[in-house]
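Spelled out from the first residue to the last, the chains are:
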Amino acid sequence: MEKALRRPSLETLGLGSVLGIFKRGVLPAETSDLVDRVFGAGGDRGCLVISGANGIVGAGKTMQLASRLIPYGITIAALDFPGAPAGLSKQFSGLARSFGKEQAAQIISNVVQFTYDGSHLPKQLAALKPRFLLEAVPEILEIKKSHYQMFHAAFPEIEIRSVTSGFPARELGVGVAHPAFPHEINKVFEVVEPKPSPITQLLWSLGLIPVMVSDDWSFVLDVLFCGVMLASCRYNAATNMPAWKIDKYVRELVGPGPFRAHDAIGAKGANFLTWSCLDHLAQKYGELFTPTKSLVDHKQSGQDWYPPNHLRPMVNWTLDDIEKQEFRTWILGPLFQMTSLLLHEKRSELSQMNAIGEMCAQFRQGVIALARWYGSEKVTRTVEAYHQLHPAAANSPWYPEEFTKMDSAEWQQLYVNAEHDGTVGVITFARESYNQDVDIELNQAIDWLKGEGIERVIVTSDFHLATQLVGADTSDFFPALEDQAKGVALSQKWSQTARRLHDEFATSVGFVNGKRCLGGFLELLQHCHYVVAVESADLGMPEVTLPVVPGMEGCHWMFRKSSPESWPKVLSLLLEGRSVKATTALGWLVDYSGPLTECVRTCWSIARGESALQRRAVNANRLTGVFTEPKGIAPVTGPGLQAARQAILESIRNSCSAPLSEAITIQARHSGAFMSSTACRTGAVGLAFAKTASV
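Residues numbered from 1 in each chain as written. Predicted model: local features only at pLDDT ≥ 70, side-chain atom pairs only at ≥ 80, totals over all residues. Heavy atoms only, no water.

1. So, the packing of helix 9 (residues 221–239) against helix 14 (residues 321–344)
The axes of two packed helices give the description: the angle between them and the distance between them. Contact geometry for helix 9 and helix 14: axes closest at 9 Å, N-to-C directions at 150 degrees. With respect to helix 14, the axis of helix 9 lies roughly antiparallel. The crossing of helix 9 and helix 14 is right-handed. Here Val-223, Leu-224, Gly-227, Val-228, Leu-230, Ala-231, Ser-232, Arg-234, Tyr-235 and Ala-238 of helix 9 lie close against helix 14, whose contacting residues are Phe-327, Trp-330, Ile-331, Pro-334, Leu-335, Met-338, Thr-339 and Leu-342. The residue inventory of the contact of helix 9 with helix 14, partitioned by class, reads 14 nonpolar, three polar and one charged. (Axes fitted to C-alpha atoms, helices over the stretch in contact; angles between N-to-C directions. Helix = DSSP H or I, 4+ residues; strand = E, 2+ residues; numbered from the N terminus. Parallel < 35°, antiparallel > 145°, perpendicular 65-115°, else oblique. Left-handed = near helix turned anticlockwise from the far one by under 90°. Contact = heavy atoms within 4.5 Å. Nonpolar A, V, L, I, M, F, W, Y, C, P; charged D, E, K, R; others polar.)

As structure tokens, then:
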């Protein structure tokens, strides 16, 4: 019998579980089959229409989908008004950077542009046999409805999805596929439909991230994104603090800069969309969502929130502790109250609701995870304190009881899930960067599997929310920049977690199923007895470029697990920061690499004890002969990189020359010490810290 800590994310898309993928040996859906179901097969194949294609949403989605559908011969019909800004042509440079000019030109050549008057479709469109319309016309309900009527009249069988930010499907009369900004690169779509359709599953199979949400005003993303904007506007009205200063404090507190985001998206459109979402939410839920006068004014004027000459350096100042506490109440109070509404209405699975906040609204820590850190009582006190500052919000929905459920697996396993069939377990990551939350949840998942008697495990990303594993979340390093002991403790703790994958299972298999595995996540998976990676995956240790010193035993574990002949490759990986393809890492980083289906079957065979693949042992003795001089390694420029390379060499030298039992502490000291160095504080991590925390 199969069991899971919480509901697998894939199941919400009608695609079963990750454990089921390994047991069947195939993915739950194939792109070619889904393309046939959505667009027709063979000579009956039709096109994808994107209306409003020159707008910021339409242009981004045109390029994103065109680049993925070109192998399947799907034409993109891009429809917009004559004279609309040339949004599509602006996408070419981005395509060229990603794919090269030749392939970018091929993608563009598969996009056919049409103009229309808003009432009549171009006659030439019928020849392309439209099968699926992604509508991105202005966020005005009457315009959208008439648009659908026009398409249904011309093509009665066409499937339609709206990219609306706020209108429920029941108001529109069609399903919703709301994409997150930036539209060229963000892969998340909030999907509203009665059950997962072939369209939604096609998005998944193309490497995008559809997330099922309930049919409620503004879904999840724009309650959070517009909510933090509204909270910032209310604080501005209460204190007259300028937008740029509020952004800095919001960035320090939760991650995003709402005012700057509106300007970056395009203030005219973003101000209107935020006002529209909040106005409709306020009509249903009350004063908690009522737009401020400043937001209404900016909606009408289209003015940026950051004036050109705002004299920031001349008028800078810092809030005292009491003022900071009040600021936190103004921002977190409404966010927590709004989150209680999302929870009460069950707008999405908790793990997915949390992920939407991070991947789309740019929260450093999703609001569900943030509430979990605060705890139920503190969340309630924060909202009650907000009601003292803004009494009208107390008349809006507020469900404090939702935060009393934090002991459930759904609350406790936001990022890491575990499944098993009684013999083999699977641990999956739903977050692309490793942080303290992931570390805690990974330990809980291991404890659960051990308690269930599972001795064989596969460790991988969740085939849904995490399409790659990019390493450590460097914001977790911020405290260590000012306190070396905190860096040492962090490295020691994460390394102890990683060792559990090696020490506490009879067989563990790390599987890289996405496009890359870097840094801390690569170090983590190296602790598994076997590592399997799809042949297209990039594997790398970019720490030297940040610069930091690897802190999850990367400076000795990979040497201990590979032959001396491979040590120069490991050294190059650590000192140059460049990635290698999985196929070139066979024998020293990877034990098997191939196409995805073959890798899935190999993982299952290994985990079941049915594979003849030889296990690479970890040498627990002192290593001799590890070459720690950077000869043959590409030179670096700049004192930061030079200092990092030297620090990494010292960590390699000292941790490799010690027995395994001592190396974990030695490498932690090296990693922690470097975090507090000048080189780290003036590098990418230090600059991110200064941007986030120096207010």
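Back to the text.
2. Topic: the sheet that holds strand 13 (residues 456–461)
Strand pairing in a sheet is mediated by backbone hydrogen bonds. Such pairs are either parallel or antiparallel. With respect to topology, seven strands assemble into an open sheet ordered 1-10-11-13-15-17-20, the strand pairing being mixed. Lying at the two open borders of the sheet, with one neighbouring strand each, are strand 1 (3–4) and strand 20 (592–594). The sheet contact formed by strand 11 (residues 424–429) and strand 13 spans six bridges and is parallel. In the sheet register, Val-426 faces strand 13, and the bridge partner there is Ile-458. (Pairing = 2+ DSSP bridges.)

3. A short note on the nonpolar core
One finds Phe-22, Leu-48, Phe-151, Phe-289, Ile-458, Phe-511 and Phe-559 to be the most contacted residues of the largest nonpolar core, which totals 226 residues. Examining the composition of this core, we find that 11 residues originate from one element, helix 9, more than from any other. (Core = buried A, V, L, I, M, F, W, Y, C linked by side-chain atoms within 4.5 Å. Buried < 20%, exposed > 50% of the residue type's maximum accessible area, 1.4 Å probe, protein only.)

4. Observations regarding the packing of helix 10 (residues 243–253) against helix 11 (residues 258–265)
Two elements in contact, helix 10 and helix 11, have axes separated by 7 Å at closest approach and are oriented at 115 degrees. As the angle between them shows, helix 10 and helix 11 are arranged roughly perpendicular. Between helix 10, through Ala-243, Ile-246, Asp-247 and Val-250, and helix 11, the contact on the second element is made entirely by Pro-258, Phe-259 and Arg-260. Grouping the amino acids of the contact of helix 10 with helix 11 by side-chain chemistry returns five nonpolar, no polar and two charged.

5. Considering the pairing of strand 17 (residues 530–534)
For strand 17, the buried fraction is high: five of the five residues fall into the buried class. Where burial is concerned, the two faces of strand 17 agree: the one with Tyr-530, Val-532 and Val-534 and the one with Val-531 and Ala-533 are both buried. When strand 15 (residues 507–512) meets strand 17, the two strands line up parallel, connected through four bridges. Bridge assignment links Gly-510 to a residue of strand 17, and that residue is Val-531. Alignment of strand 17 against strand 20, held across three bridges, turns out to be parallel.

6. Observations regarding the side chain of Ser-9
Position of Ser-9 relative to the elements: it lies in the loop between strand 1 and helix 1 (18–24). Excluding residues within four positions of it along the chain, Ser-9 makes contact with Gln-352, Asp-462, His-464 and Leu-465.

7. Quick notes on the pairing of strand 7 (residues 175–179)
On a regular strand, one side chain projects to one face of the sheet and the next to the other, so that they alternate. Of all five residues in strand 7, five are buried; the element is thus mostly enclosed. Residue alternation in strand 7 divides its side chains into two sets, Gly-175, Ala-177 and Pro-179 and Val-176 and His-178, and both sets are buried. As paired strands, strand 6 (residues 159–162) and strand 7 are joined by two bridges and run parallel to one another. Along strand 7, the bridge assignment pairs Arg-161 with Gly-175. Bridging between strand 7 and strand 8 (residues 188–192) involves four bridges; their strand directions are antiparallel. When the sheet's bridge partners are listed, His-178 is paired in strand 8 with Glu-190.

8. Description of unusual backbone geometry
Between Phe-181 and the following residue, Pro-182, the backbone shows a cis peptide bond with an omega angle of 0 degrees. In this chain, Leu-546 is followed by Pro-547 through a cis amide linkage whose omega measures -10 degrees. Along the chain, Pro-547 falls in the loop between strand 18 (538–540) and helix 23 (557–560). Even without glycine at this site, Ser-218 takes up a positive phi of about 65 degrees. With respect to the secondary-structure elements, Ser-218 resides in the loop between strand 9 (209–212) and helix 9. The buried category is assigned to Ser-218, whose relative accessible area is 1%. Even without a glycine there, the phi angle at Glu-553 is positive, about 75 degrees. Following the sequence through the fold, Glu-553 ends up in the loop between strand 18 and helix 23.

9. A look at the domain arrangement of the protein chain
Taken as a whole, the protein chain is organised into domain 1 (46–212), domain 2 (220–410) and domain 3 (415–692). Of note, the centres of domain 2 and domain 3, computed from C-alpha atoms alone, are 36 Å apart. Between domain 2 and domain 3, the residue contacts involve 15 residues of the former and 11 residues of the latter. Taking both sides of the interface into account, the surface hidden between domain 2 and domain 3 amounts to around 1000 Å²; carbon and sulfur atoms contribute 50%. Run the count over domain 2 and domain 3 and you get three salt bridges. When the shortest N-O distance is used, the salt bridge between Glu-358 and Arg-431 registers 3.0 Å. Here domain 2 and domain 3 share eight residue pairs in polar contact (both at pLDDT 80 or more) between them. Where the side of domain 2 that touches domain 3 is concerned, the elements lending two or more residues are helix 10, helix 15 (350–359) and helix 16 (367–374). In terms of residue count, the dominant contributor to the side of domain 2 that touches domain 3 is helix 15 (six residues). For the side of domain 2 that touches domain 3, the class distribution of residues is four nonpolar, five polar and six charged. (Domains from an automatic or database assignment. Buried area = accessible area lost by both parts, 1.4 Å probe. Salt bridge = Lys/Arg side-chain N within 4 Å of Asp/Glu carboxyl O. Polar contact = N/O pair within 3.5 Å; in protein donor to acceptor, adjacent residues only side chain to side chain.)

10. Structural notes on the environment of Thr-404
On the secondary structure map, Thr-404 appears in the loop between helix 17 (376–389) and helix 18 (409–412). A relative accessible area of 56% means that Thr-404 is categorised as exposed. C-alpha of Thr-404 to C-alpha of Leu-687: the two residues are 283 residues apart in sequence and 38 Å apart in space. Of note is the side chain of Thr-404, whose polar atom sits 2.6 Å from the backbone oxygen of Glu-401.

11. Digging into the packing of aromatic side chains
On inspection of all chains with the given rule, the structure shows 22 aromatic pairs. Grouping aromatic residues by their ring pairs yields a cluster made of Phe-336, Tyr-374, Trp-398, Phe-403 and Trp-411. The lysine or arginine in question, Arg-260, covers the ring of Tyr-306, its NZ or CZ lying 5.6 Å from the ring centre. Over the face of the ring belonging to Tyr-374 we find Lys-378, whose NZ or CZ atom lies 4.5 Å from the ring centre. (Phe/Tyr/Trp six-rings, centres within 6.5 Å; stacked < 30°, edge-to-face > 60°. Lys NZ or Arg CZ within 6 Å of the ring centre and 35° of its normal.)

12. Details of helix 16
Taken across its eight residues, helix 16 has six buried, putting it largely inside the fold. Of all the positions in helix 16, only Val-367, Ile-368, Ala-369, Leu-370, Ala-371 and Arg-372 are classed as buried. Each element contacted by the buried residues of helix 16 is listed here: helix 9, helix 14, helix 15, helix 17, helix 18 and helix 19 (436–451). Residue Gly-375 follows helix 16 closely and has a positive phi angle near 90 degrees.

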